[in-house]
Amino acid sequence: MSTRLQIQDIAKNEDEVLSPVQIDELVPLPPPYDKLEEQPGWKEIKPEIKEQIVCNLDGVVGLSLPQPESEAEKQEYVDKFESGLKKLFTKENNWAFLQPLLLTIDNCVSCQTCNDACPTYTSSGKNDVYRPTYRSEVLRRLVRKYVKPGGKLAAKIKGEDIELNWATITRLYELAYRCTMCRRCAQTCPIGVDNALVTHELRKLFSMELGWAPKELHEKGTVLQLEVGSSTGMNPVVVKDNMEFIDEDMTEETGVEVKSPFDKEGADLLLIHNAGEVLAWPENPGAFAIILNAAGISWTLSSDEIGYDGVNYGLFYDDMQLARIALRHAQTAKKLKVNKIVMGECGHQHKAFMTISDRILTGEMSMSRESCMPLLEEIVFSGKIEFDPSKNDFPVTLHDPCNIVRNLGIVEPQRRILRYLCPQFREMTPHGVDNYCCGGGSGFAIMSPNNFADWRVSVGGRMKFKQILDAFDDQPGPEVKKYLCAPCSNCKGQIRDIFDYYGALDKSGVIYGGLVELIVNAMVDVKEPFIKWEEDY
Amino acid sequence: MSGSVLLVLCYALLSLFAVAFVVKCVKIARLPMHLRWELAPVPKEKTRGRYGGSYLEEYEWWKKPREESLVSELTFMGKEIVFLKALWEHKRSLWWFSFPFHMGLYLLIAGAGLLILNGILGMAGVAESGRGVLGAGIPMLAAAGHVLGTIGAFGLLLTRIIDRNLAVMTSRVAYFNLLLVLGVCATGVLAILSVPNFTGGMAGIVGSLLTANASVAAPGMLAVHLLVTLVFLAYLPFSQMMHFVAKYFTYHQIRWDDRPMEAGSQLEKDSQELLGQTVTWGADHIGADGKKNWVDLATEEVKK
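**Concerning the nonpolar core**
Residues and elements named next belong to chain A.
Next up, step 1: Leu270, Ile291, Ala326, Leu376, Cys485, Ile519 and Val520 are the most contacted members of the largest nonpolar core, which has 195 residues in total.
Next up, step 2: Take this core: its biggest share by element is 9 residues, from helix α16 (residues 319-336).
Next up, step 3: Contacts of Cys485, omitting those with residues within four sequence positions, involve Val396, Thr397, Leu398, His399, Leu418, Gly513, Gly514, Leu515 and Leu518.

**Some points on unusual backbone geometry**
Next up, step 1: With an omega dihedral of 5°, the bond running from Pro31 of chain A to Pro32 of chain A counts as a cis peptide bond.
Next up, step 2: Locating Pro32 of chain A in the fold gives a position in the segment before α1 (47-52).
Next up, step 3: The linkage connecting Ala40 of chain B with the following residue, Pro41 of chain B, adopts the cis geometry, with an omega of 0°.
Next up, step 4: Summarising the element assignment, Pro41 of chain B is placed in the loop between α1 (3-29) and α2 (70-83).
Next up, step 5: The backbone of Ser110 of chain A sits at a positive phi, close to 55°, despite the residue not being glycine.
Next up, step 6: Using a count of 19 C-beta atoms within 10 Å as the deciding quantity, one classes Ser110 of chain A as partly exposed.
Next up, step 7: Notably, Ala212 of chain B is not glycine yet its phi reads approximately 55°, a positive angle.
Next up, step 8: Of note, Ala212 of chain B is situated in the loop between α8 (198-211) and α9 (220-235).

**Some details on the interface of chain B and chain A**
Next up, step 1: Counting residues at the interface gives 73 residues for chain B, matched by 75 residues for chain A.
Next up, step 2: When residues of the side of chain B that touches chain A are traced back to their parent elements, those giving at least two are α3 (85-90), α6 (164-167), α7 (172-194), α10 (243-255), α11 (266-275) and α12 (294-303) of chain B.
Next up, step 3: Element by element, the count of residues in the side of chain B that touches chain A is highest for α10 of chain B, at 9 residues.

**Section: the domain arrangement of chain A**
All names here are of chain A.
Next up, step 1: In terms of domains, chain A is made up of domain 1 (7-210), domain 2 (219-378) and domain 3 (387-521).
Next up, step 2: Placing the centre of domain 2 and that of domain 3 at their C-alpha centroids yields a distance of 22 Å.
Next up, step 3: Every element with two or more residues in the side of domain 2 that touches domain 3 is listed here: α13 (276-280), α14 (283-294), α17 (347-355) and α18 (372-380).
Next up, step 4: By residue class, the composition of the side of domain 2 that touches domain 3 is 12 nonpolar, 8 polar and 5 charged.

**Looking at the domain arrangement of chain B**
Next up, step 1: When cut into domains, chain B gives domain 1 (3-7 + 89-239) and domain 2 (266-303).
Next up, step 2: Spacing between the C-alpha centres of domain 1 of chain B and domain 2 of chain B amounts to 50 Å.

**Re helix α12 (residues 236-254) of chain A**
All names here are of chain A.
Next up, step 1: Helix length check: α12 (19 residues) gives 27 Å between terminal C-alpha atoms against 27 Å at 1.5 Å per residue, within 8%.
Next up, step 2: Of all the positions in α12, only Val239, Met243, Ile246, Met250 and Thr254 are classed as buried. Viewed end-on, α12 has its buried residues packed into an arc of 60°, placing them on one side of the element. In α12, those exposed residues whose orientation departs by more than 90 degrees from the buried face are Val237, Asp241, Phe245 and Glu252.
Next up, step 3: Packing partners of the buried residues in α12 comprise α13 and α14.

**Here's the deal with the sheet that holds strand β2 (residues 299-300) of chain A**
Whenever strands of a sheet pair, they do so through backbone hydrogen bonds, lying parallel or antiparallel.
All names here are of chain A.
Next up, step 1: Strand order across the open sheet formed by 4 strands is β2-β1-β3-β4, with parallel pairing between neighbours. Unpaired on one side and paired on the other, β2 and β4 (368-371) mark the two borders of the sheet.
Next up, step 2: Relative to the sheet, α18 contacts β3 (340-343) and β4, its axis offset from that of β4 by approximately 70°.

**Details of the packing of helix α2 (residues 71-88) of chain A against helix α10 (residues 195-210) of chain A**
All names here are of chain A.
Next up, step 1: Orientation of α2 relative to α10, taken along the N-to-C sense of each, is 120°, at an axis distance of 9 Å. By the angle class used here, α2 and α10 are oblique. Taken as a pair, α2 and α10 cross one another with a handedness that is right-handed. Counting all contacts with α2, which are made through Tyr77, Lys80, Phe81, Ser83, Gly84, Leu85, Lys87 and Leu88, the residues of α10 involved are Glu201, Leu205, Glu209 and Leu210.
Next up, step 2: Residues of the contact of α2 with α10, tallied by class, amount to 6 nonpolar, 2 polar and 4 charged.

The rules we used
- Residues numbered from 1 in each chain as written.
- Chains lettered and ligands numbered in written order.
- Predicted model: local features only at pLDDT ≥ 70, side-chain atom pairs only at ≥ 80, totals over all residues.
- Core = buried A, V, L, I, M, F, W, Y, C linked by C-beta atoms within 7 Å.
- Buried ≥ 20, exposed ≤ 12 C-beta atoms within 10 Å, placed from the backbone.
- Helix = DSSP H or I, 4+ residues; strand = E, 2+ residues; numbered from the N terminus.
- Contact = placed C-beta atoms within 7 Å.
- Domains from an automatic or database assignment.
- Nonpolar A, V, L, I, M, F, W, Y, C, P; charged D, E, K, R; others polar.
- Expected span 1.5 Å × (residues − 1).
- Arc of directions from axis to C-beta.
- Pairing = 2+ DSSP bridges.
- Axes fitted to C-alpha atoms, helices over the stretch in contact; angles between N-to-C directions.
- Parallel < 35°, antiparallel > 145°, perpendicular 65-115°, else oblique.
- Left-handed = near helix turned anticlockwise from the far one by under 90°.

Put into structure tokens, the structure is as follows:
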């Protein structure tokens, strides 16, 4: 960047774009994706739209915040922000993250070590506004000025004065949705400061105090899920019908009788999928059913509202919504008297239900919960199912969902399966707990308003796309069909959009899918190939 | 400056340091339990810690004993504390000065420890000749510590000024902090060079402080060094330089705190108490009315 962005700039010139994304400065991709003129352009936001919504950060609009009608309305929100800022630092309102937040606010030494770890900052060509430290430093200065005693005077003396105004809060709001909370930055911090947590806390402040949240996460996300049962809009009747269709399809395609049991009281395990799989990737729940039945596992799905959708977008923006959904999931399992709940291939579901909610599931709400990865490993190596790895003899690489790998430390089970069942398995660089986020994390994968989808795939997901291409650089052409294993619904949604955007199937012959599809594809009893290369991915 | 004034000043600034330091540590330690926010790698994980794996990789992990390794954890901590491993791996350009900076401070802390031990042995009547390696160790630590600290602080200061990437994010306070450490170390170097018996002078001051002997003397540059050091210590607990304490909590209580909830545990009791607190978040969907607590508000949906 030619000019350096100062921290206090965030409060200035509220109608101007603070630090625009420069498409020609993005990190180059390998051929045939290296020619800027051959890439799809970005959706233009029309001037009349710009007049209606706030667009003052980077020229991208992910949140469609309406322009206020008056100065008084602006001030009302600024006041609410200040009130929320204070609540963030009270035990009553934020005991859940108070210690990590305070330690992050008080102890960053601005060494900028975290910057280069951030895929967004790196892929953007190092746009200052995307530094993990930029939003954190803004928040830090606001906290010192507006929350700490004597802060206003101290801010002047220290030269850290920053105005809390409409420009500041609207840019911070949008900026809170330019970080996927992958926590790669936190991993590199020598002190243990966590800038992804700052993103989380900012989103929380906006949602829980101002009532500002992306409609995809709130109205169409947690609210819809609590009302109907799923953020997909599917009610219990619809999800059971859909699963029946999937069972029939799978039976026909594989020649193996497929049956997904619902509401089987006393089953050993309750499997909860991300309900998006049922609609977008039905082969995934179908493959789970084939594997679990073949292994003779006592399992069930639930048709209880919320019990059939492991999604919990509260994780990304609102502690209360998180708690409400987690408790409903727990209640479902109690009702069915199962021994454990197993997370399907959904990263944020893993994190929301296995660790983040762990300390709110007390008393009778407490129960055993595990990832599908060790369960699948147990099944694959149990000898109960016969496999022929030569059926998977094509190049395969693995995407590590941040929430399963970096945040939960579930690294090897899925790899042991792939090393056994996929003769041409190769790792990306870097991988495991050092992986790059797909760019769809923290709810981005379902957010596509205005030009946000363009930003999400070409900036947010750029490092991941580059990694995928690099992993197959020995056979880059479309003549060799390749498989990206992405065992997470949100990651798959993002990768689908990246591949569509760049035409990756046509240009590189790469498709994506989950882990269970590869397992079923290698099963001797499944006569026809389960993975369909010709399908439109 | 008279001996008694110097003594009072030393006691005042050291007391401020001690009280503020303890208060700060206790405040952090007494913050409420938080939700799990662990981050791989968790080095205490035996064997799995090498690649960042956790006990959650285990099939039905709750039925298996946790396999933890204190050696792995201590090895990780040792590399991080002594060699600043994270900086070496992720920001080497800064490591070249940050390492001597921190190593210099470690050596000075060790030297100060030996000075206090030396004073205590003196009070106990142990003759100077019987104080073992202290006589040789203190001057070596002091010299090496001050020189390394000076190089490190000066280098970091320069790097922050020259490197535009750092400069734009460096606050006045950060520069002040570096200048202060530079002041401590540089005056230490100057005192070593200008005062004939630096170690003896420092030992005399420490001895006087331990025995409240007002005949303490600090000639020339030694007095300057002493004052700058005391000001630094008094300021330390109020500054971001307390990150060396914070680091314990960010690692042990956040990144590596992966304790699962167990029925009847203290963790469960703490959690239930915290969930009973009144919520005042203002957004409509929260439904807070100034009376309802976390359980009330989170279970309203469950009870539907």
